[in-house]
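Close look at the chain arrangement
Letter by letter, the chains look like this.
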Amino acid sequence: MLRKTLLGLAAGVAMTTAGFASAAMAQDALKMVFIGKNTGNPYFDSLTNGFVEGCKALGCEFEFVAPATAEATSQIPFIEAQIQRGVDVIAISPNSPDALNQVFDDARSKGILVLTVNGDITGNESHRDATILPTNFDNVGKDQVEMVGSLIGYEGEIAILSATTEAPDQNKWIEGMKATLASDAKYAKMKLVATVYGDDQPEKSTTEMEALLSNYPDLKGVIAPTTVGIAAAAQVVQSRGIAEQVKVTGLGLPSEMRDFVKDGTVTAFQLWSPYNEGWLAAHFAKGVKEGTIKNEVGSTFEVPDLGTITINPGNSINTQAALTTFNAGNIDDFNF
Amino acid sequence: MTTIRSILGRREAGIFVMIVLFAIAVGIAKPQFLTLNSLRIVLLLVPLILIGAMGQMLVILARHVDLSIGSVLGFSAMVTGMMFRYHPEIWWPLGFLLSVGIGAGLGLLNGVLVTVFRLPAIIVTLGTLNLYRGLTYIVSDARQIDRQYVPSALKAMSQTSPIFGIPWIIFISFAVVFATWWFLMHTRLGRQIYALGSNPVAAPLRGIDVTGVTLLVFTISGALSGLAGILYASRWGFVNPSNTGAGFEFQVIAAVVIGGVSINGGVGTVLGTFFGVILLGCVAAALPLLGIAGTTQNAIYGAVIIVALLIDRTVRRQGVKSLARARA
Amino acid sequence: MTTVERRSVAAGRESAPPRPLWHTVLVRPETMTLVLLVVAVFAASALSPYFLDLSYILRSFTLSAEFAIVALVLTMIIIAGEIDLSPAANMALSACLFAYAQAAGVPMPLAILIGLGAGVLMGVLNGLMVIGLQLPSIIVTIGTMIFYRGVAQVIAGDKSIRVPDWFIGINNVFIVGVPVPVVVFIVLSIVLGLVLGVTVFGRQIYQIGTNEIAARHAGIRSRRIKMILFILIGFVSAAAGLMTASRLGSVRYDLGLGGELQMVLMAMLGGTYIFGGRGTILGTFLAAWLLVIVSTGMTVANLLPATQLTVLGILLIVSIIATNAIYSRAQR
C-alpha cells in the first residue's frame, strides 16, 4: 500500500518536472550560476539580484544555488552538479580557502570560467580565474578606524568584535586597523584594548560584546566588521541604554541596521553595494566568455552604471573605490 | 521512597554547589563576574533554553527524547515572523498564539508518529528535525525576517518591563518553570508522567493512558518550543531560516541531563533542570569574560554531558544500593 | 547472506503457518530499498537531463562514500542493539589529529597511525561507557559526538590544515574506471556482508540484538562482541576521515558535519531494524546508492537544499514505518 503510494507520488513528480526541463532547454545562451555561502543569508539576496538584473540585461541564463549550511565542504556537490550541467560560468562565494581547489580545477579543465565573488580563496588564487571583491580590502581597516575615530573624538579605548578567528577578510581588515592605529599620529590617543570573535552567531557575539563591556568599563568605541557582529553589538548597547558612552560601528547591512540608526543607537556604519558585485560579475563573465574582455592584469573594461573597471594584480576586480557610509540621512535610500 | 528523595535532594544541592563554586572561581580571576550585571547577562542568556528544557524534561521523564525542538522553534518563529512581515495590521500579541499553536501541532505530530506507529522517539525526531527545518526554508523561500518587520513592542519585551525594568522574557520563562513544577507535583497527570517513565510496561496496568500521556508530553514540548520561537524573535530581533534554533536541542538536552534528569526516564525535577540551565548559562557568560576562545565551548558542552552521565550513573547505583540496604 | 537471514526470520515465527516462498523472498525491507532505488533513478533522470551519466554518479558517490563506509559498520552495531552517533565527529577529530601531527613535522606514516589510533581510542571510549558502565549508547554517543568535534575544534581552531600534495586526491585514483573510495565501499560491503551473513560471529550479532540476555545465557560473549564492533567503527571512521582529508586536500573541524544523520539514514533505509536483531549489509549497500541518487538528482536539478532536507526527513520516517510494518507482518 505504502509502496504504491510512494511510487505514484514519484512518478507524478517525475512527469511534471520532465515537462519543465524540456521546455527550459534548447537555448544557446551563456549559462551562469552563482553559488552562495548558504541559503537564507540576507547578504546574498542583494548580490544575487545584481546577477539576475545583469543577466537579464545581457541575455544570459542565470541560476542561484546554495547549500543549507556554510561548512567547508557543503558547496562541493553543487559545483560538481554545475559542471555536470555544463554551465559556462561558476561564480561562487567560497566557504573554504582550500577545500575547493580540486573541484575548481575540474571545472576549469572543462572550460568553465571560475570566479570567486565577495571573498577569495586566499593563498590558492591559482585555482580560480578571477575574483570580484566589493572594494579594495587594503583600505577597509583604515576607513573603519577613521569612522570610529570620528565618532569618539579620536580619543579613548576601542575594541574589535570580529567573525571567526580565521575569517580571512576580517583578519586582513583587522591588520589594516592595527597598522593604521600604530602609524598615523591622528589616532595616537586611541587605544585598541581587545579583539574578540563572535563566530558570526548572534548569541556568541552578544556574550562577547557583554564581556567586552564588563572587562573594559572605559570602552568608547567598538568596530564590528561583520554584519552579524555589528547587529549584536548594537543590540547590547541599545538594551543597556549606553549609546552615548559606547559608539558601535563597523560593516553592516542597512536592512538590519535601519532601526538602530533611527533610534540613535548607531550613528553611522559602512558597507559596499552587494548588488554591484553581482552586476559587475555578470558583465565581466559575459565579456570574458565572448572575448570582448581580456582577463589580464591591467586591462580595463566598461560596465554600465559603474564606469571603467581595471583588473588589479592577482586578477582581482573591485566594484567601488571606497566604502559607502550609512547614517540617519541616507539609510532610507538603500533597500538591501 | 525517602531515601530516593534525599538523594535527589542531594543531587540538586550538588548542582547548586557547582554553580556557586564555579561563580567563585571565575570571580577570583575576574571580580566583575560577581556583579548584578553578570546576573543580568546570565538571565538574559537562558530564557529560551529554560523554556525548551521544561518541555524536554517532560519528554525525557516519560522515557522519550525530542531532538526536533530546534527546528520546531525555527519553524514557529518563521511563520510568526512572516505574519509580522506580510500582515502587519494583525494585532501582534496574536503572534504568541500562532507560534505556540504551530509548535504544539508539530509536537503532536511527533507524538503521533511515536505512539501510533510505535517508533523510537529518537529516530522520529531526528527525521522531523530535518523535515521541519526543510519546511522552514520552503515556507520562507529561504529569506530572513529582518529586524524592521519584528514589532518594536515584541522586541521591547526582551529589554524591559514596568517591574523594576526586568525584561518580560525573564518573567515569562520563570512562569513556565513554575507552571511545569506545579503541573508535575500537583496534578494526577504530572505524577503519571513519572510513573510512565519509571516503568512503561507497568503503566497501563496502573490505569495510565500511555498513548494520551505520550502525546501530551510531545505536544507540550512542541508548544514550549513554539513559545521559545516567538521569544527568539523578541530577543534577537530577526528570524533566519537556517540559524534560528539550530543546535538548540543540544543546549537543552545538555542542560536537562546536567540537571539530573535521568535519560532512563522517571527521575528528575524541575529544580534540578533549572539549576542545570543556570549552570550552562554561567559557563557561557564566563568563557568570553575569561578570554577563553569560543572554539573550546563545544568541547566543554560535550565533556559536561558525559560527566553528567557518569554522575547520573553513580547516583543511580548508590540509590539502588541504599534502597537495597533500607529493605534489608 | 540470505540463507542465514531467512533462517533468523524463520526462527521468530516457529508456531506460525509457513509463508509462501515468494513472500519470504520479496516481502522484506531490502526489496523496498531496491524498488525505491529504481524509482529514484527514473525520477532523477526525468528531473534533469544531466543526471544519467555513470561517471557523474560515481563521482557523486565519492562525496558520500566515506559516510557509506561507516554506515556499513553502523548497521552491524544497530543489529547488535546499540547505536553510535559519534562516527562523523570521530572522522573530524581523527583527521584533525592526523593533519595537525603532519603539519607539526611528524613523518606521514606515523601521522596516519596517530589518526587511525585516535579513531580506535574513541571507539574504545564509547565502548567502555556503553558496555562497561552500562550507559545508553544513544546518549553516550550524542555526548561524545559533541565532545569529539569540540576537541577537534580546540586542536584545529577555525583554520584549515593542508595535507601534502601527494596525499591529495584518493577520489581521482581509479581502479577499472571506478574511484577508489567507491571500490573500498564495495569491497567492505562484500567482506562485512560475508562476516554478518555466514560466520558464527555474524550470527551472534543478530542473537545479541534479538535478545541479549538470552544470547548471554547461550554462551555468547555479548560484551566482547559489542566492544569489537565499537572498536571497528572507531577504526573505520578514522579511515574514512583520512579519506575525506585526501579528497579535500585540507582538514577543518567541521569535516563531515551532520554525517551521522546520513549514516543512520543509510542503515534505516536499508531496512535495519532500529530495535536490533534485524538488517543486512545488502540493505545498507542499496540504501547508500539510493541516498546518493536522490540527493545528486535533486542537486543537479538545482532544487533548493530545503527540498532535500525535507525529502531526507520524510524518507527516514517512512523507511522506519515501512520496515516496522514489514517485520511485524513477517512475525505474524
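Residues numbered from 1 in each chain as written. Chains lettered and ligands numbered in written order. Predicted model: local features only at pLDDT ≥ 70, side-chain atom pairs only at ≥ 80, totals over all residues. Heavy atoms only, no water.

The number of helices and strands found in chain C is 14 helices and 4 strands. Considered along the principal axes of its C-alpha atoms, chain C spans approximately 65 × 55 × 35 Å. Put simply, chain C has 332 residues, and 63% of those count as buried. When the accessible surface of chain C is totalled, it reaches about 11800 Å², and 71% of it is carbon and sulfur. Within chain C, one finds 20 positive and 12 negative side-chain charges whose respective centroids are separated by 9 Å. (Helix = DSSP H or I, 4+ residues; strand = E, 2+ residues; numbered from the N terminus. Buried < 20%, exposed > 50% of the residue type's maximum accessible area, 1.4 Å probe, protein only. Areas by Shrake-Rupley, 256 points an atom, 1.4 Å probe, with all protein chains shown as cover. Lys, Arg positive; Asp, Glu negative; His and termini not counted. Charge placed at Lys NZ, Arg CZ, Asp CG, Glu CD.)

Glancing now at the overall build of chain A. Regarding its fold elements, chain A presents 10 helices and 14 strands. Its C-alpha atoms give chain A a radius of gyration of 22 Å, near enough to 20 Å, the size a compact globule of 336 residues would have. Seen through its principal axes, chain A has C-alpha atoms that stretch 65 × 60 × 35 Å. Nonlocal contacts in chain A, meaning residues at least 24 apart in sequence, comprise 69% of its contacts between residues at least 6 apart. For chain A, the exposed surface amounts to about 12700 Å²; the carbon and sulfur share of it is 52%. Charged side chains of chain A number 24 positive and 40 negative; the gap between the two group centres comes to 2 Å. (Rg over C-alpha atoms; globule rule 2.2 N^0.38 Å. Contact = heavy atoms within 4.5 Å.)

So, on to the sheet that holds strand β7 (residues 190–197) of chain A. Residues and elements named next belong to chain A. Overall, parallel pairing links the 4 strands, which are arranged β7-β6-β8-β9 in an open sheet. Every other strand in the sheet has two partners, leaving β7 and β9 (247–250) as the edge strands with one partner each. Each strand of the sheet is rotated relative to its neighbour by a mean of 25 degrees, with strand direction disregarded. Note that strand β8 (residues 219–224) and β9 share 4 bridges and pair parallel. Paired with Gly221 across the two strands is Lys247, which belongs to β9. Helix α6 (residues 168–183) rests against β6 (156–162), β7 and β8 of the sheet, and its axis sits at about 165 degrees to β7. Strand contacts of helix α7 (residues 202–215): β6, β7, β8 and β9, with the helix running at about 145 degrees to β7, the strand carrying the most contacts. (Pairing = 2+ DSSP bridges. Axes fitted to C-alpha atoms, helices over the stretch in contact; angles between N-to-C directions.)

Moving on, we come to the side chain of Ser137(C). Residues and elements named next belong to chain C. In this structure, Ser137 sits in helix α7 (residues 137–156). Residue Ser137 is classed as buried on the basis of its relative accessible area of 7%. Among the polar contacts listed, one links the side chain of Ser137 to the backbone nitrogen of Ile83, at a separation of 3.2 Å. Apart from the residues lying within four places of it in its own chain, the contact partners of Ser137 are Glu82, Ile83, Val130 and Phe230. (Polar contact = N/O pair within 3.5 Å; in protein donor to acceptor, adjacent residues only side chain to side chain.)

Another point: the interface of chain C and chain B. At the junction of the two partners, chain C supplies 35 residues and chain B supplies 35 residues. Per-residue buried area on chain C facing chain B is highest for Ile139(C), Ile146(C) and Ile317(C); these three make up 17% of the total on that side. One can count 0 salt bridges joining chain C with chain B. The interface formed by chain C and chain B includes 1 residue pair in polar contact (both at pLDDT 80 or more). No other element matches α7(C), which puts 13 residues into the side of chain C that touches chain B. A per-class count over the side of chain C that touches chain B returns 25 nonpolar, 9 polar and 1 charged. (Buried area = accessible area lost by both parts, 1.4 Å probe. Salt bridge = Lys/Arg side-chain N within 4 Å of Asp/Glu carboxyl O. Nonpolar A, V, L, I, M, F, W, Y, C, P; charged D, E, K, R; others polar.)

Take the domain arrangement of chain A next. All names here are of chain A. Here chain A is described as being made up of domain 1 (2–128 + 274–320) and domain 2 (140–271). Centre-to-centre, using C-alpha coordinates, domain 1 lies 32 Å away from domain 2. Facing 6 residues of domain 1, the contacting portion of domain 2 comprises 5 residues. Approximately 410 Å² of surface area, both sides summed, lies buried where domain 1 meets domain 2, with 65% of it carried by carbon and sulfur atoms. (Domains from an automatic or database assignment.)

The UniProt record annotates "domain: Periplasmic binding protein" (unreviewed entry) at residues 33–290 of chain A. Secondary structure across residues 33–290 of chain A divides into 46% helix and 20% strand, with the first and last C-alpha atoms of the span separated by 17 Å. (UniProt positions renumbered as here; feature names shortened; annotations may be inferred.)

Facing the 33 residues of chain C at the interface are 40 residues of chain A. Together chain C and chain A conceal approximately 3300 Å² of surface at their shared face, both sides included; 60% is due to carbon and sulfur atoms. Here chain C is connected to chain A by 1 salt bridge. When the shortest N-O distance is used, the salt bridge between Arg59(C) and Glu80(A) registers 2.9 Å. Where chain C meets chain A, there are 10 residue pairs in polar contact (both at pLDDT 80 or more). Where the side of chain C that touches chain A is concerned, the elements lending two or more residues are α3 (29–47), α4 (54–79), α11 (222–248), α13 (281–300) and α14 (305–331) of chain C. Element by element, the count of residues in the side of chain C that touches chain A is highest for α3(C), at 6 residues.

In this description, a pair of aromatic rings is defined by centroid distance and the angle of the planes. Here the structure, examined in full by the defined rule, presents 31 aromatic pairs over all chains. Each ring, one from Phe326(A) and one from Phe334(A), has its centre 4.7 Å from the other, and the planes form 85 degrees; the classification is edge-to-face. Judged by relative accessible area, Phe334(A) falls into the partly exposed class, the value being 22%. A ring pair is formed by Tyr232(B) and Trp236(B), whose centres lie 6.5 Å apart and whose planes are at 55 degrees; its orientation type is tilted. Placement of both Tyr232(B) and Trp236(B) in helix α10 (residues 210–236) is noted, with a separation of 4 residues, approximately one turn of the helix. Classification of Trp236(B) by relative accessible area gives buried; the value is 5%. The ring of Trp236(B) carries Arg235(B) above its face, with NZ or CZ at 4.5 Å from the centroid. (Phe/Tyr/Trp six-rings, centres within 6.5 Å; stacked < 30°, edge-to-face > 60°. Lys NZ or Arg CZ within 6 Å of the ring centre and 35° of its normal.)

A few words now on the pairing of strand β3 (residues 89–92) of chain A. All names here are of chain A. Burial along β3 is two-sided: the residues Val89 and Ala91 and Ile90 and Ile92 are all buried. Of the strand pairs in this sheet, strand β1 (residues 31–35) and β3 are connected by 4 bridges, and their pairing is parallel. Of the residues in β3, the one forming a bridge with Phe34 is Ala91. Alignment of β3 against strand β4 (residues 113–117), held across 4 bridges, turns out to be parallel.

On to helix α4 (residues 101–109) of chain A. Think of an α-helix as turning once every 3.6 residues; residues three or four places apart then point the same way. All buried positions along α4(A) are accounted for by Asn101(A), Gln102(A), Val103(A), Phe104(A) and Ala107(A). Positive phi shows up at Gly111(A), right after α4(A), with a value of about 85 degrees.

Within the fold, Gly156(A) resides in strand β6. Sequence-distant contacts of Gly156(A), that is, excluding residues within four places in its chain, are made with Lys189(A), Met190(A), Lys191(A) and Lys220(A).

Take the environment of Asn215(A) next. Positionally, Asn215(A) belongs in helix α7. Residues Asn215(A) and Asn136(A), spaced 79 residues apart in sequence, show a C-alpha to C-alpha distance of 34 Å. When neighbours within four sequence positions are excluded, Asn215(A) is seen to be in contact with Lys30(B), Gln32(B), Pro288(B) and Leu289(B). Separated by 2.5 Å, the side chains of Asn215(A) and Gln32(B) make a polar contact. A polar side-chain atom of Asn215(A) sits 3.2 Å from the main-chain carbonyl oxygen of Leu289(B).

Below, the discussion takes up the sheet that holds strand β2 (residues 61–65) of chain A. All names here are of chain A. Pairing is parallel across the open sheet formed by 6 strands, whose spatial order is β2-β1-β3-β4-β5-β13. The open sheet has two edge strands, β2 and β13 (316–320), and neither has a second partner. The sheet shows a mean angle of 20 degrees between the axes of neighbouring strands, direction not considered. Helix α10 (residues 274–290) rests against β1, β3, β4, β5 (130–135) and β13 of the sheet, and its axis sits at about 160 degrees to β4.

All names here are of chain B. Closest axis-to-axis distance for the helix α4 (residues 69–86)/helix α5 (residues 94–116) pair is 9 Å, and the angle between their directions is 145 degrees. Note that α4 runs across α5; the crossing there is right-handed. Residue-level contacts link Val72, Phe75, Ser76, Ala77, Val79, Thr80, Met83 and Phe84 of α4 to Leu94, Gly95, Leu98, Ser99, Ile102, Gly103 and Leu106 of α5. Residue composition of the contact of α4 with α5, grouped by class: 10 nonpolar, 5 polar and no charged. (Left-handed = near helix turned anticlockwise from the far one by under 90°.)

Next up on the list: the nonpolar core. Among the nonpolar cores identified, the biggest contains 216 residues, and Ile193(B), Leu227(B), Phe61(C) and Phe98(C) are the most heavily contacted of them. Broken down by element, the residue count for this core peaks at 17 residues, all from α4(C). The contacts of Phe98(C), once residues within four sequence positions are left out, are Met108(C), Ala111(C), Ile112(C), Gly115(C), Val163(C), Phe167(C), Leu242(C) and Ala245(C). If you look at the next biggest cluster of nonpolar residues, it comprises 79 residues, including Cys55(A), Ala224(A), Phe260(A) and Leu271(A). (Core = buried A, V, L, I, M, F, W, Y, C linked by side-chain atoms within 4.5 Å.)

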